[in-house]
Amino acid sequence: KMETTKTMQTENKMGTMPVGKLIFSMSVPMMISMIVQALYNIVDSVFVSMISEDALAAVSLAFPLQSLMIAFSTGIGVGINSQLSRALGEKKPQRANRIAASGVILELFFTLLFVLTGLFLAVPFFRAQTADASIFSQGVLYTRIVCCGSLGIFMEITFERFLQSTGRTTLSMISQLLGAVFNIIMDPVLIFGLFGLPKLGIAGAALATVLGQCLSALLAIYLNQRKNPEVSLKLSSFGFHPELLQRILAVGIPSTIMQALSSFMVYSMNRILIGFSSTATAILGVYFKVSSLIFMPLYGLNNGTVPILAYNYGAGHKRRIEHTLRFSTLTALGFMFVGLLLFELLPAFFFRLFNASEEMLRLGIPAFRIIGLCLPFVGFSISTSSAFQALGKGFYSMAASIGRQLVFLLPAAYLLAATGELQNVWWSIVIAEGAGLFVSLFFLLRILRLLIAPLPDDGVR
């Protein structure tokens, strides 16, 4: 009886706790862990660059495929999170367990796809990008290790989403932090062969990544089994449930496509920028590294907001949905205005972290100041995107992302590149994000009119 009471109190947190306090209690742990992961990505690049410039190039060329793996794991995770939180809000524990089991099956399926990709497609993937033997060999080795060890990241994301869906974001943070810190520590140890271990070079960087992900996955599984009674994975929960698989994929696939678009966008922008100089492509690379630190708090906020919106939509709490949307959007805009100030005031500092040449500083400082202007637009678009996902309208997220990253950005970049002025190309990012803001606003107003407004006012705040 005590366990049942405790379970209900935990479950009802998302329907009873004051919205502002709830959002931060859910989001701050994920913000912390995601910032650490962003720092890891930067530190990882620094260590790999110490091997050789070819090694750094190899990892950079592997990025689109590695990013695609993350897109699938987190995209399906968003679908799991949305459907699981809604089932809990509707007080349907058996359905929640079947959703969790279906999510595990989906993530295992995509794990297999990436293992096969690493085994059979790594060679043609790199052959299409480079003729340099050193970059090719190191890139293939790195990609195969990361892809064949992808079970770690798929299971890590899956079980962390179970914790997030039930409001246990602190436990999710602990599992993420463990893997990220392990990566940071083991990178130099495995790359350079410290403490008597063999010097593995770029293979060491890949192994540190995979082992960190596996460690996070094991801890997340343990925490779910011991600390998360709302999600109980039993053999009876597993089975073929087409309706549940379809619902997870309906939200997860658009989210996956949305994240995967960024890889294609980076590839296409690099093709445009290389027409000016390799320094121009390096500037874009530095932008993505630095902006990841700024965006991570926003993504942590979104990950905390999704289960809150989904739960309260399932429970029919109209006012809490509206309050959550308003609070999360304003908070996201606040984060991005801080980012805007950093890009405008400290561009030289960021470039010097990456040992920038004088030419990179000359071209990069004005580039950062131009690109920085779009950050508040990005904050609004990403914030509303999480709301679309939580309320089961993943297609809206995908459509808005396609508009921002493909329909508006690439044509604008191509046309501005035709002027022969590199600085003009950076304005394409601002133009695309400004247009994307209006698309997101249109979908948000549609959501409010069709989904939220018809809900009865039950008085729950």
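Residues numbered from 1 in each chain as written. Predicted model: local features only at pLDDT ≥ 70, side-chain atom pairs only at ≥ 80, totals over all residues. Heavy atoms only, no water.

Caption draft 1: Representation of the overall build of the protein chain within the structure. For the protein chain, the count of helices and strands is 17 helices and zero strands. When its C-alpha atoms are laid out on the principal axes, the protein chain stretches across 65 × 50 × 35 Å. For the protein chain, with 461 residues in total, the buried portion stands at 56%. Of all intrachain contacts in the protein chain linking residues separated by at least 6 positions in sequence, the fraction that spans at least 24 positions is 82%. About 19,300 Å² of surface is accessible on the protein chain, with carbon and sulfur atoms providing 69% of the total. Positive and negative side-chain charges in the protein chain, numbering 32 and 21 respectively, have mean positions lying 10 Å apart. (Helix = DSSP H or I, 4+ residues; strand = E, 2+ residues; numbered from the N terminus. Buried < 20%, exposed > 50% of the residue type's maximum accessible area, 1.4 Å probe, protein only. Contact = heavy atoms within 4.5 Å. Areas by Shrake-Rupley, 256 points an atom, 1.4 Å probe, with all protein chains shown as cover. Lys, Arg positive; Asp, Glu negative; His and termini not counted. Charge placed at Lys NZ, Arg CZ, Asp CG, Glu CD.)

Caption draft 2: Seen up close, the environment of leucine 444. Turning to its location among the elements, leucine 444 is positioned in helix H17 (residues 422–452). Its relative accessible area of 12% is what places leucine 444 among the buried residues. Spatially, the C-alpha atom of leucine 444 lies 20 Å from that of isoleucine 257, the residues being 187 residues apart in sequence.

Caption draft 3: Looking closely at the packing of aromatic side chains. This structure, assessed with the given rule, holds 18 aromatic pairs. For the pair phenylalanine 72 and phenylalanine 114, a centre-to-centre distance of 5.6 Å together with 65 degrees between the ring planes defines the contact as edge-to-face. Within this pair, whereas phenylalanine 72 is found in helix H3 (residues 53–89), its partner phenylalanine 114 is found in helix H4 (residues 93–120), the two being separated by 42 residues in sequence. Note on accessibility: phenylalanine 72 and phenylalanine 114 belong to one class, buried. Aromatic pair phenylalanine 343 and phenylalanine 368: ring centres 4.7 Å apart, planes at 15 degrees, arrangement stacked. Of this pair, phenylalanine 343 sits in helix H12 (residues 318–345) while phenylalanine 368 sits in helix H14 (residues 358–371); the two residues are 25 residues apart in sequence, bridging distant segments of the chain. Members of the aromatic cluster, joined through ring pairs, are Tyr287, Phe343, Phe349, Phe350, Phe351 and Phe368. (Phe/Tyr/Trp six-rings, centres within 6.5 Å; stacked < 30°, edge-to-face > 60°.)

Caption draft 4: How the structure looks around the pattern of salt bridges. Applying the stated criterion to the full structure yields five salt bridges. Between arginine 95 and glutamate 243 there is a salt bridge, with its nearest N and O atoms 2.9 Å apart. On the criterion of sequence distance, the pair formed by arginine 95 in helix H4 and glutamate 243 in helix H10 (residues 242–273) is long-range, its members being 148 residues apart. Take glutamate 243: its relative accessible area is 36%, and that puts it in the partly exposed class. A salt bridge links arginine 362 to glutamate 359, with the shortest nitrogen-to-oxygen separation between them at 2.9 Å. Residue arginine 362 and its partner glutamate 359 are both found in helix H14; the two are separated by three residues, about one turn of the helix. Since its relative accessible area comes to 53%, arginine 362 is described here as exposed. (Salt bridge = Lys/Arg side-chain N within 4 Å of Asp/Glu carboxyl O.)

Caption draft 5: Region of interest: the packing of helix H16 (residues 394–417) against H17. Two numbers describe how H16 lies on H17: the axes approach to 8 Å, and their chain directions differ by 155 degrees. It follows that H16 is roughly antiparallel to H17 by the angle criterion. In the packing of H16 onto H17, the handedness of the crossing is right-handed. Per-class residue counts for the contact of H16 with H17 are 18 nonpolar, four polar and three charged. (Axes fitted to C-alpha atoms, helices over the stretch in contact; angles between N-to-C directions. Parallel < 35°, antiparallel > 145°, perpendicular 65-115°, else oblique. Left-handed = near helix turned anticlockwise from the far one by under 90°. Nonpolar A, V, L, I, M, F, W, Y, C, P; charged D, E, K, R; others polar.)

Caption draft 6: Highlighting a nonpolar patch on the surface. Together, Val338, Leu341, Leu342, Leu345, Leu346, Phe349 and Leu353 give the surface a local cluster of nonpolar side chains, amounting to about 660 Å² of exposed area. Secondary structure elements with two or more residues in the nonpolar patch: H12 and helix H13 (347–353). The element that contributes the greatest number of residues to the nonpolar patch is H12, accounting for four residues. Here phenylalanine 349 lies in helix H13. (Patch = residues over 30% accessible without salt bridge, like charges linked within 9 Å, V, L, I, M, F, W, Y side chains within 5 Å.)

Caption draft 7: Spotlight on the confidence of the model for the protein chain. Here the protein chain shows a mean pLDDT of 83. Residues at 70 or above account for 94%. The low-confidence segment residues 1–11, where pLDDT is below 50, has eleven contacts with residues more than four positions distant or belonging to other chains. (pLDDT = per-residue confidence, 0-100.)

Caption draft 8: The side chain of glutamine 83, seen in detail. Within the secondary structure, glutamine 83 sits in helix H3. Overall, glutamine 83 belongs to the buried group, its relative accessible area being 7%. Glutamine 83 has contacts with Ile99, Arg247, Ile248 and Val251, leaving out every residue within four places of it along the chain.

Caption draft 9: Broad picture of unusual backbone geometry. One non-glycine residue, lysine 91, adopts positive backbone phi at about 60 degrees. Its place among the elements puts lysine 91 in the loop between H3 and H4. For lysine 91, a relative accessible area of 40% translates into the label partly exposed. Of note, phenylalanine 195 is a non-glycine position whose phi angle comes to about 55 degrees, a positive value. Structurally, phenylalanine 195 can be placed in the loop between helix H8 (169–192) and helix H9 (202–227). Under the relative-accessibility criterion, phenylalanine 195 is labelled exposed at 76%.

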